[in-house]
Amino acid sequence: MAEGDYHRPDSNKLQALKDLANKLRVHSIEATNASNSGHPTSCCSMAEMMSVLFFHTMKYKVSEPRHPSNDRFILSKGHAAPILYAAWAEAGLFPVSDLMKLRKIDSDLEGHPTPRLNFVDVATGSLGQGLGCAAGMAYTGKYFDKASYRVFCIIGDGESAEGSIWEALAFSSHYKLDNLVAIFDVNRLGQSAQTSLAHDMETYQKRVEAFGWNVCVVDGHDVAALCRALHEASVTKDKPTAIIAKTFKGKGIPGVEDLLDFHGKPMGARSEEALAAIRGQIQTASPSISPLPVIDDCPVIEDTEVKLSKPPNYTLGQTVATRAAYGTALVNIGHDRRVIALDADVSNSTFAIHFRKAYPTRFVECFIAEQNLVGVGIGCGTRGRTIPFISSFAAFLERAHDQIRMGAISQTNANFVGSHCGVSIGDDGPSQMALEDIAMFRCIPGSTVFYPSDAVSAERAVELAANTKGICFIRTSRPAGPVIYNNDETFAVGQAKVVRQNDADKVTIVASAVTMVEALKAADELAAEGIHVRLVDPFTIKPIDKQTILTAARATGGRVLTVEDHYPEGGIGEAVAGALSDESGIVIHRIAVDRVPRSGKPNELLDMFGISAPHIAKGVKKMLA
């Protein structure tokens, strides 16, 4: 950057920014005192960063914090929430007096930021996740919206030990996200000890530069240096910028600054001295600085229903893997420009590759970094800019359970598609077999869990997920299975299907996908012996269709058999048992994979682990004995 390209703020502006930083410190100390909990020292180390970002660099509308053209800000070190709230209060969004409601049951100013607040896009607090979400927002801004807004993320030095931070660093440089700025608050101290690098700024610089970032090392308490570094970030092309800021935890607090054992502790009896010292630095009681105006060039997004461009096109009995049907359906909703697909180097297995070929500019390859895959997807979905479909082997999505959990707290609308579930994948063995995935996604608050049994229902699951709020999970299978529904069959969330019934049915079998195929075989075998069973396909495991299953159970003497290619804990059997737990006269027998499996052919494994047609038939006879 040429020296003449940068115009240093005048002395009055710099003093105003210093004064605002100290006001933010005051608010953070007072708010955490009022709640008798919180992290004032973590706030104090980043006060100058917040002052310069919110009152010098960022462009946003205070009256509309989620305006699509606003710059985005993510506080990855979410425990420093009080200073984020203070910045918005100083900007005029709400009265400063509201800061005293921090962490109170009747206030949305929670201990860590969540989107209950209209100025928070993603929940933070589980450390190491903010930069991945920020990268998703920046990717959306650069490649989908093609807009001027920029994305800023403050990261704690302690949380930079998390591998997900480095996944996000690699992703961001690979895609040349020059609209993204990461600011590392290197205040040296963690919760119980100093961080691994302490104030070794040179090593931070070398590591982040090695990941392909433009890096500025600054004194994080020097507002002029921060202004200059942020300007450099704004004119740096084809690289994201990291500002490595050397700071001191508890900056400005006598007897606390740069000392251990004050993490997460309000100042209490030290407050009077601390506040007096910090207020003594303020030269202007009411510095007059307003946020910069936005460049309003973000395209308008219409919130319309997503529909398949053409209905499913299969013949009854045709064998098609549900993972293949997912790829077909994804292409068929791709006419909606909001739909994007993200994958982790397995798109030829998940069949997201079809979307990649049809809509290459809306396919995001995240490589083998599932935590970042999820974080980027969540970031892409913020402010309704996209409808993300995030796919991988279902077992590998489990690596990112915490990101998915935080996605629910973030009120995100994101769709996850997990293939290669259960022992039915065969030879690859247990490391590739998702046998806990239904349980994982069922326990996510507000989630919807689809488990389609054939290609027709798989396509409709994709269409429904695109229109369903919250976290959705579609479980797809590796082996091809027969089409059991007509192309014009209608499906709905929480609505099961009765696949086979007879007035003489003695047992209701609840099964999905590969176990539905086995249940159909068992039903034929049993019918040849004069034993008739009713087959129910739940379609969604959450919400489970209690009424359809209960009606079938009542019609079959109260006998229900569940069978699933999943461990017993948290799967179909427990969903059914939970739904019917308050009903009398119902007996439920559950068949599931009851131990760690091994490699083998799919049919061998289904039989070895007790979920094949002969075992289902045996289970029915046992219930009738």
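One can find the structure itself at the top, above this paragraph.
Quantities reported herein were computed from a predicted structural model and do not represent experimental measurements. Every residue gets a number counted from 1 within its own chain, in the order that chain's sequence is written. With pLDDT at 70 or above as the cut-off, local features in this predicted model cover only qualifying residues; side-chain atom pairs require 80 or more to be listed or tallied, and sums for whole chains, interfaces and linings still use all residues. Side-chain metrics rest on all non-hydrogen atoms present in the structure, leaving aside hydrogens and water.

Participant: Can you break down the pairing of strand β4 (residues 214–219) residue by residue, with the values?
Facilitator: The rule for pairing is simple: two strands pair if DSSP sees at least two bridges between them. A run of H or I in DSSP counts as a helix once it spans at least four residues, and a run of E counts as a strand once it spans at least two, with each numbered from the N terminus. Where β4 lies against strand β5 (residues 241–246), six bridges are found, and the strand directions are parallel. Within the sheet, the bridge partner assigned to Cys 216 lies in β5 and is Ile 243. With the strands pointing away from the viewer, any crossover whose connection runs clockwise from the first strand over the helix to the second is right-handed. This β-α-β element, β4 to helix α8 (residues 223–235) to β5, shows right-handed connectivity.

Participant: Describe the layout of surface pockets, with residues and values.
Facilitator: Here a cavity denotes grid points, spaced 1 Å and computed from the protein atoms alone, that fit a 1.4 Å probe unable to get out, and a pocket denotes an open set having protein on both sides within 12 Å along at least 5 of 7 lines; residues with an atom within 4 Å of a point are the lining. Grid points are joined across faces, edges and corners, and a volume is the space filled by probe spheres set on the points. Computed from the structure, the largest pocket encloses a volume of approximately 550 Å³. Where the lining of the largest pocket is concerned, the elements lending two or more residues are α13 (370–381), β9 (387–393), β10 (414–419) and α17 (455–466). Of the residues contributing to the lining of the largest pocket, the split by class is ten nonpolar, twelve polar and eight charged. Residue polarity is assigned by list, with Asp, Glu, Lys and Arg as charged and Ala, Val, Leu, Ile, Met, Phe, Trp, Tyr, Cys and Pro as nonpolar; anything else, Gly included, falls into the polar class.

Participant: Before we move on, could you go through empty space enclosed by the protein and cite the residues and values that matter?
Facilitator: Applying the stated rule across the entire model yields six cavities of 30 Å³ or more. Lining the largest cavity, in full, are Phe 54, Met 58, Tyr 60, Pro 65, Asp 71, Arg 72, Phe 73, Trp 88, Phe 119 and Arg 383. Classifying every residue of the lining of the largest cavity gives seven nonpolar, no polar and three charged.

Participant: Explain the side chain of Arg 323 to me, and be specific about the residues and the numbers.
Facilitator: Note on placement: Arg 323 falls in helix α10 (residues 322–333). Think of it in three bands: with a 1.4 Å probe and only protein chains considered, a residue is buried below 20% of the maximum accessible area for its type, exposed above 50%, and partly exposed in between. We count Lys and Arg on the positive side and Asp and Glu on the negative side, and we leave His and both chain ends out. The rule for a salt bridge is simple: a side-chain nitrogen of Lys or Arg has to be within 4 Å of a carboxyl oxygen of Asp or Glu. Of the side chains with opposite charge, Asp 428 lies nearest to the buried Arg 323, which makes no salt bridge, at 8.7 Å. Polar side-chain contacts of Arg 323 include one of 2.9 Å to the backbone oxygen of Ser 349. We define a polar contact as two N or O atoms separated by no more than 3.5 Å, with the added condition that, inside protein, one atom must be a possible hydrogen donor and the other a possible acceptor, whereas residues neighbouring each other in sequence contribute only through side-chain atom pairs. Within the structure, the side chain of Arg 323 is placed 3.2 Å from the backbone oxygen of Arg 478, a separation counted as a polar contact. The contact criterion used throughout is that any non-hydrogen atoms of two residues lie within 4.5 Å. Once residues within four sequence positions are removed from consideration, Arg 323 is found in contact with Ser 349, Thr 350, Phe 351, Ser 419, His 420, Thr 476, Ser 477 and Arg 478.

Participant: Any details on the nonpolar core? Residues and values, ideally.
Facilitator: Generally speaking, soluble globular proteins have nonpolar side chains that are buried together. Note on terminology: a nonpolar core comprises buried Ala, Val, Leu, Ile, Met, Phe, Trp, Tyr and Cys residues joined through side-chain atoms within 4.5 Å. If you look at the biggest cluster of nonpolar residues, it comprises 78 residues, and the most contacted ones within it are Leu 131, Phe 184 and Phe 416. Ignoring anything within four residues of it in the chain, the contact list for Leu 131 reads Ser 76, Cys 153, Ile 155, Ile 165, Ala 168, Leu 169, Leu 180, Ala 182 and Trp 213. Ranked by size, the runner-up nonpolar core spans 55 residues in total, among them Ala 21, Met 49, Leu 99 and Val 181.

Participant: I'd love a proper account of the sheet that holds strand β1 (residues 72–75), names of residues and values included.
Facilitator: Here five strands make up an open sheet; going across it, the order is β1-β2-β3-β5-β4 and the pairing parallel. Two strands lie at the open edges of the sheet, namely β1 and β4, each paired on one side alone. This sheet shows a mean twist of 20 degrees between the axes of neighbouring strands, independent of strand direction. Where strand β3 (residues 180–186) and β5 come together, six bridges link them in parallel fashion. Here the axes come from fitting lines to C-alpha atoms, over the contacting stretch only for helices, and the angles between their N-to-C directions go from 0 to 180 degrees.

Participant: Describe the packing of aromatic side chains, listing the residues and the values that go with them.
Facilitator: Any aromatic ring pair is given by two values, namely how distant the centres are and how the planes are angled relative to each other. Each aromatic pair joins two rings of Phe, Tyr and Trp (for Trp, the six-membered one) with centres within 6.5 Å, and gets the label stacked for planes under 30 degrees apart, edge-to-face for over 60, and tilted for any other angle. Taken as a whole, this structure holds 20 aromatic pairs when the rule is applied. With centroids separated by 5.7 Å and ring planes inclined at 80 degrees, the aromatic side chains of Phe 54 and Trp 88 adopt a geometry described as edge-to-face. Of the two residues, Phe 54 is situated in helix α3 (residues 47–57) and Trp 88 in helix α4 (residues 81–91); the sequence distance between them amounts to 34 residues. Judged by centre distance (6.1 Å) and plane angle (70 degrees), the rings of Tyr 85 and Phe 119 are edge-to-face. Here Phe 119 lies in the loop between α4 and α5 (130–144) and Tyr 85 lies in helix α4, a separation of 34 residues in the sequence. The exposure class assigned to Tyr 85 is buried, which follows from its relative accessible area of 1%. Criterion for a charge above a ring: Arg CZ or Lys NZ at most 6 Å from the ring centre, at most 35 degrees from the ring normal. Taking the ring centre of Tyr 359 as reference, the NZ or CZ of Arg 362 above it sits at 4.5 Å.

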